[in-house]
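Residue-level structural notes
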Amino acid sequence: MENAADTSTAGSSGPIVVAGAGYAGLHVALRLTARLRNRPAVELTLVDRHDYHQVITELPRVASGTRAADAVRIPLQDMLARRVRFEQTEINGFDLAGRRLLTGAGPIGWGRLVLALGSRPNDFAIPGLAQRTLSLYSASDAERVWAAVGKTLTAAAAATDPERQRCLATVVVGGGGATGVELAGELAEILPGMASGHGLAPNRPAVVLVEAGPTILAGSSPQLIGKATTVLADLGVQVRTNAMIAAATEEGFRLKDGQLVEGGVFVWAGGVKAPELVADSALPTGHNGRVKVDQHLRVLDHPEVYVAGDLASVTDPRTGHVLPPLAQVALEEGETVARNLDAELEDRPLEAFTFHDKGFVVSVGTRRGVADIAGFTSGGRLAHVLKDAIEWEYRQSVKHLRGWDPVAR
Ligand SMILES: Cc1cc2nc3c(=O)[nH]c(=O)nc-3n(C[C@H](O)[C@H](O)[C@H](O)COP(=O)(O)OP(=O)(O)OC[C@H]3O[C@@H](n4cnc5c(N)ncnc54)[C@H](O)[C@@H]3O)c2cc1C
């Protein structure tokens, strides 16, 4: 995040277009709807390829069959006031000079643009990874993981060779961050019950979590890592740290030290990067292709374009580190962007973005979790209840924001 004058730019008239209806973009649209109540002339358009918002934080549950995919797809029409024009289309590029978003439905002109296109799985150019692994970044991805798990258990049950059966009944998750830990934990808890339905012994399925670094949940407190490791061990997850994947082959993950990790299903949860669309644009990008912004979340040299969510490269001045791609961060950035767009319209000074860390919660399995909040670490049932409460609160807040402007619906 770089410094820039905290004044709004002149000529802020024209439609406001929000690209992406994920955590950040939807929040901007909902907040602005209320703020624009007395400004009927300002057009507000939200653009997304889907006509629903995806509650991505709940995907590990869909991938392990404990939640239906449709339960994490919330129709946008249920959330948006009539005040917001919604365009369902694919965004293909940006015409920054002409102030147009290039989409499958034709160009969409903007006076102010908010880019909130999220991120994509990053395969770090590891050979074979993109072709041979499933990812977990949408409800459809999660459905594919769940279907693949069912298919491989069926194949395992039909295998006569015990070694082949063991291999087929193993799910391998690459990446020991929060997503990988949540997925591995959920699967480890669900698979023994599923096994009997497939005619397999309950202890036949296995889950392996492969992490390149020395620890899972890198960057978290040693206490949190310790508690998560204990729960995973208790669930029977085989955690392999210092295990860098060199290639994904027909046989499995080939590690840098030559070892092979075999399995029936391989899921990659090892990191994210900006969508290719952004890499191909003239926008200034930093680490993993995220877009560089000033302290008001406007693109450097393009003050008429804001960025929020995973796509924004925002350095926390207190730590000097770029903020992680988290829903919590996306929502706070969306809040600041909505306030700054409103400030521009009101000719008020813009506010600088400050992140207020509410803590870190990871579910590990269907009943337990780990949490670091306000310097305290907890593990077990309470942390899982907390994760459930955060997800419930998010769904309520979305409904609540819609309720802010009943007149406009
Ligand atoms: C499995 C998983 C679990 C997670 N769990 C947590 C958690 O517990 N807590 C937490 O804080 N974070 C979690 N995260 C991270 C969190 O989901 C992201 O940080 C958050 O979704 C980022 O919000 P966003 O608005 O930037 O992007 P997104 O929510 O991904 O939204 C981007 C939107 O842009 C749309 N879009 C993208 N490209 C185009 C295009 N070309 N044309 C049209 N539309 C487009 C997409 O359809 C989508 O609606 C998790 C992530 C994953 C993958």
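Residue positions are given per chain, counted from 1 along the sequence in the order it is written. Only residues with pLDDT of 70 or above have their local features reported here, since the model is predicted, and side-chain atom pairs are shown and tallied only from 80 upward, although totals for entire chains, interfaces and linings are computed over all residues. Heavy atoms throughout the structure, all of them, feed into the side-chain values; hydrogens and water do not.

1. A short note on a nonpolar patch on the surface
Where nonpolar side chains cluster on the molecular surface, the patch consists of Ile373, Leu386 and Ile390 and spans about 210 Å² of accessible area. Put simply, DSSP H or I for four residues or longer makes a helix, DSSP E for two residues or longer makes a strand, and each gets a number counted from the N terminus. Structurally, Ile373 is set in strand E24 (residues 368-373). Burial classes: relative accessible area under 20% of the type maximum marks a residue as buried, over 50% as exposed, and values in between as partly exposed (1.4 Å probe, protein chains only). According to the relative accessible area criterion, Ile373 is partly exposed, its value standing at 31%. Patch members must show over 30% relative accessible area and no salt bridge, and they are joined within 9 Å when carrying like charges or within 5 Å when they are nonpolar side chains of Val, Leu, Ile, Met, Phe, Trp or Tyr. Using a 1.4 Å probe, the Shrake-Rupley method yields the accessible areas, and only the shown protein chains count as cover for residues. For salt bridges, the criterion is a side-chain nitrogen of Lys or Arg within 4 Å of an Asp or Glu carboxyl oxygen.

2. Here we look at the packing of aromatic side chains
Two aromatic rings from Phe, Tyr or Trp, using only the six-membered ring of Trp, form a pair when their centres are within 6.5 Å; if the ring planes differ by under 30 degrees the pair is stacked, by over 60 it is edge-to-face, and anything between is tilted. This model, assessed by the stated rule, comprises two aromatic pairs. For a ring to carry a charge above it, either NZ of a lysine or CZ of an arginine must fall within 6 Å of the ring centroid while also lying within 35 degrees of the normal to the ring plane. Over the ring of Tyr52 we find Arg73; its NZ or CZ atom is 5.5 Å from the centre of that ring.

3. Examining the sheet that holds E24
By the convention used here, strands pair only if DSSP detects at least 2 bridges between them. In spatial order, the strands read E23-E24-E25; together these three strands make up an open sheet with antiparallel pairing. Among the strands making up the open sheet, the edge pair consists of strand E23 (360-364) and strand E25 (376-380). On average, each strand axis in the sheet is inclined to that of its neighbour by 5°, with strand direction left out of account. Where E24 lies against E25, five bridges are found, and the strand directions are antiparallel. In the sheet register, Ile373 faces E25, and the bridge partner there is Phe376. Taken strand by strand, helix H7 (residues 222-234) contacts E23, E24 and E25, and its axis lies near 180° from that of E24. Each axis is a line fitted through C-alpha atoms, taken for helices only over the stretch in contact, and angles between the N-to-C directions span 0 to 180 degrees. Only heavy atoms enter the contact rule, under which two residues are in contact if any of them lie within 4.5 Å.

4. Comments concerning the site of the ligand
Among the 29 residues in the neighbourhood of the ligand, the closest are listed as Ala24, Asp48, Ile91, Asp310 and Lys387. Polar contact is defined as a pair of N or O atoms within 3.5 Å, subject to the rule that within protein one atom must be able to donate a hydrogen and the other to accept it, and that residues adjacent in sequence are counted only when both atoms are side-chain atoms. Measuring from an oxygen atom of the ligand, one finds a backbone N or O atom of Leu326 at 3.2 Å. Lys387 is positioned such that a nitrogen or oxygen atom in its side chain is 2.7 Å from an oxygen atom of the ligand. Taken by itself the ligand offers 1,000 Å² of open surface, and the protein chains cover 91% of this. Listing elements by their share of the shell around the ligand, those giving two or more residues are helix H1 (23-35) and helix H9 (327-346). Near residues are defined by distance, with any heavy atom within 4 Å of the molecule or strand qualifying the residue.

5. Concerning the sheet that holds strand E7 (residues 100-103)
Pairing is antiparallel across the open sheet formed by three strands, whose spatial order is E6-E7-E8. Bordering the open sheet on either side are strand E6 (91-95) and strand E8 (108-109), each of which pairs with just one other strand. When E7 meets E8, the two strands line up antiparallel, connected through two bridges. Bridging from a neighbouring strand, Leu101 pairs with Ile108 of E8.

6. Points about the environment of Arg99
Its location among the elements puts Arg99 in the loop between E6 and E7. With 97 residues separating them along the chain, Arg99 and Ser196 place their C-alpha atoms 58 Å apart. A distance of 3.2 Å separates a polar side-chain atom of Arg99 from the backbone oxygen of Gly111.

7. Regarding the environment of Gly177
Note that Gly177 resides in the loop between strand E11 (170-174) and helix H6 (178-197). Exposure remark for Gly177: the relative accessible area of 29% places this residue in the partly exposed category. When the C-alpha positions of Gly177 and Leu350 are compared, they lie 35 Å apart, and in sequence the two are 173 residues distant. If near-sequence neighbours (up to four positions away) are discounted, Gly177 is found in contact with Glu211 and Leu217.

8. Concerning H9
One less than the residue count of a helix, multiplied by 1.5 Å, gives the span that helix is expected to have. The first and last C-alpha atoms of H9 sit 29 Å apart over 20 residues, in line with the 28 Å expected at 1.5 Å per residue. Among the 20 residues of H9, 15 are classified as buried, and the element is accordingly described as predominantly covered. A positive backbone phi angle near 60° is found at Asp347, which sits one or two residues after H9.

9. Considering the packing of H1 against H9
For the pair H1 and H9, interaxial distance at closest approach is 8 Å and the crossing angle is 35°. Crossing hand, H1 versus H9: right-handed. Judged by residue contacts, Tyr23, Ala24, His27, Val28, Arg31, Leu32 and Arg35 of H1 engage Ala327, Ala330, Leu331, Gly334, Glu335, Val337, Ala338, Arg339, Leu341 and Asp342 from H9. Definitions for this section: a left-handed crossing has its near helix turned counterclockwise from the far helix by less than a right angle. A right-handed crossing has that turn clockwise.

10. What about the pattern of salt bridges?
Per the counting criterion, the structure on display carries 28 salt bridges. Of the charged contacts, one joins Arg73 and Asp70 as a salt bridge, the two residues approaching to 2.7 Å between their closest N and O atoms. Look at Arg73 and you get buried, because its relative accessible area is 16%. Glu391 is paired through a salt bridge with Lys387; the nearest N and O atoms lie 3.8 Å apart. With Glu391 and Lys387 both in helix H10 (residues 381-403) and four residues apart, this pair spans about one turn of that helix. The residues Glu391 and Lys387 share a single accessibility class, namely buried.

11. Details of unusual backbone geometry
We note that Asn242 has phi near 50°; this positive angle belongs to a residue other than glycine. Along the chain, the position of Asn242 falls in the loop between strand E13 (238-240) and strand E14 (245-248). Of note in the backbone geometry, Asn288 takes a positive phi value of approximately 60° without being a glycine. Mapped onto the elements of the fold, Asn288 is located in the loop between helix H8 (276-279) and strand E19 (291-292).

Everything listed is a geometric property; what it means functionally is a separate question.
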